[in-house]
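# Descriptive structure summary
The primary structure of each chain is shown beneath.
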Amino acid sequence: MSQIILLRHAKVIIDNPKIYSNQMGEFVDRYNSAPIENAEPSSRVKELVESADIVVTSKLSRTVQTLNLFNKKPNLSSKIFNEAQLPYSNRRFFKLPAKVWAPILRVAWLFGYKSNSESFAEAKQRAELGAEMLIEFAKENKTVLLVGHGIMNRLITKAFVKRGVVIKEQTGDGNLAYRVLEMNL
């Protein structure tokens, strides 16, 4: 029996400026390089991280910074596990707080809007590749940990469930939330 743990990164420290829709790309760039809060992870999260035989992260700094909370380094960082890209308009619409634009654009993305980003279908394909990569690691390691992102972790979970992988434990989608998946290989 192998386990794959999907852990979402710690909370990012970033302001919430009012911006025009066409400024979302710049905001996302800042978010992708912003530091994380130095939060104290729960004892269960610490236990899960310590149990990992191999640790994988995305290429985005917040996942590696999260791993640093546990004094660990990734065995592998890959763009396959980066967060699903957020679309944004090239047109200048009204100003809203960036953290209001984000869910509006994410819902639009789910319905097919992909300006300046990958499509929902492309992100799902990437999640399928990520699931396959994690399964390959699980064939040689008892416990695999991915420190990833909210949307991408959900898409990877769906890819696993399609393959009959069982969700043993989950805490939701917030920062430092996790899913523990079990499979017989």
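See the structure above.
Here's a quick rundown of the structure. (Residues numbered from 1 in each chain as written. Predicted model: local features only at pLDDT ≥ 70, side-chain atom pairs only at ≥ 80, totals over all residues. Heavy atoms only, no water.)

Within the protein chain one finds six helices and eight strands. Moving toward the C terminus, one meets the helices and strands of the protein chain in the order β-β-α-α-β-α-β-β-α-α-β-α-β-β. The C-alpha radius of gyration of the protein chain comes to 17 Å, within 12% of the 16 Å expected for a compact globule of 185 residues. Its C-alpha atoms put the protein chain at 50 × 35 × 25 Å along the principal axes. For the protein chain, the residues scored as buried account for 46% of the 185 residues in total. Contacts in the protein chain between residues at least 24 apart in sequence constitute 71% of all its contacts with a sequence separation of at least 6. Surface exposure of the protein chain reaches about 9400 Å², of which carbon and sulfur atoms provide 52%. Across the protein chain, 27 positive and 18 negative side-chain charges occur, with their mean positions spaced 6 Å apart. (Helix = DSSP H or I, 4+ residues; strand = E, 2+ residues; numbered from the N terminus. Rg over C-alpha atoms; globule rule 2.2 N^0.38 Å. Buried < 20%, exposed > 50% of the residue type's maximum accessible area, 1.4 Å probe, protein only. Contact = heavy atoms within 4.5 Å. Areas by Shrake-Rupley, 256 points an atom, 1.4 Å probe, with all protein chains shown as cover. Lys, Arg positive; Asp, Glu negative; His and termini not counted. Charge placed at Lys NZ, Arg CZ, Asp CG, Glu CD.)

This part takes up the packing of aromatic side chains. This structure, assessed with the given rule, holds two aromatic pairs. Relative to Trp 101, the ring of Phe 94 lies with its centre 5.5 Å away and its plane at 25°, an arrangement referred to as stacked. Judged by its relative accessible area of 54%, Phe 94 falls in the exposed class. With centroids separated by 5.0 Å and ring planes inclined at 70°, the aromatic side chains of Trp 109 and Phe 120 adopt a geometry described as edge-to-face. Of this pair, Trp 109 sits in helix H4 (residues 98–110) while Phe 120 is found in helix H5 (residues 120–140), placing the two residues 11 residues apart along the sequence. The exposure class of Phe 120 is partly exposed, given its relative accessible area of 25%. If you follow Arg 92 out to its NZ or CZ, it ends over the ring of Tyr 20, 3.6 Å from the centre. Above the ring of Trp 109, the side-chain terminus of Arg 106 is found at 4.6 Å from the ring centroid. (Phe/Tyr/Trp six-rings, centres within 6.5 Å; stacked < 30°, edge-to-face > 60°. Lys NZ or Arg CZ within 6 Å of the ring centre and 35° of its normal.)

A few words on the pattern of salt bridges. In this structure the tally under the stated criterion is 12 salt bridges. Residue Glu 118 pairs with Arg 126 through a salt bridge whose shortest N-O separation is 2.5 Å. When sorted by exposure, Glu 118 lands in the same class as Arg 126, which is buried. The partner of Glu 136 in a salt bridge is Lys 139, and the shortest N-O contact between them spans 2.9 Å. Within this pair, Glu 136 and its partner Lys 139 are both found in helix H5, separated by three residues, close to a single helical turn. A network of salt bridges, in which partner residues are shared, links Glu 128, Glu 132, Lys 162 and Arg 163. (Salt bridge = Lys/Arg side-chain N within 4 Å of Asp/Glu carboxyl O.)

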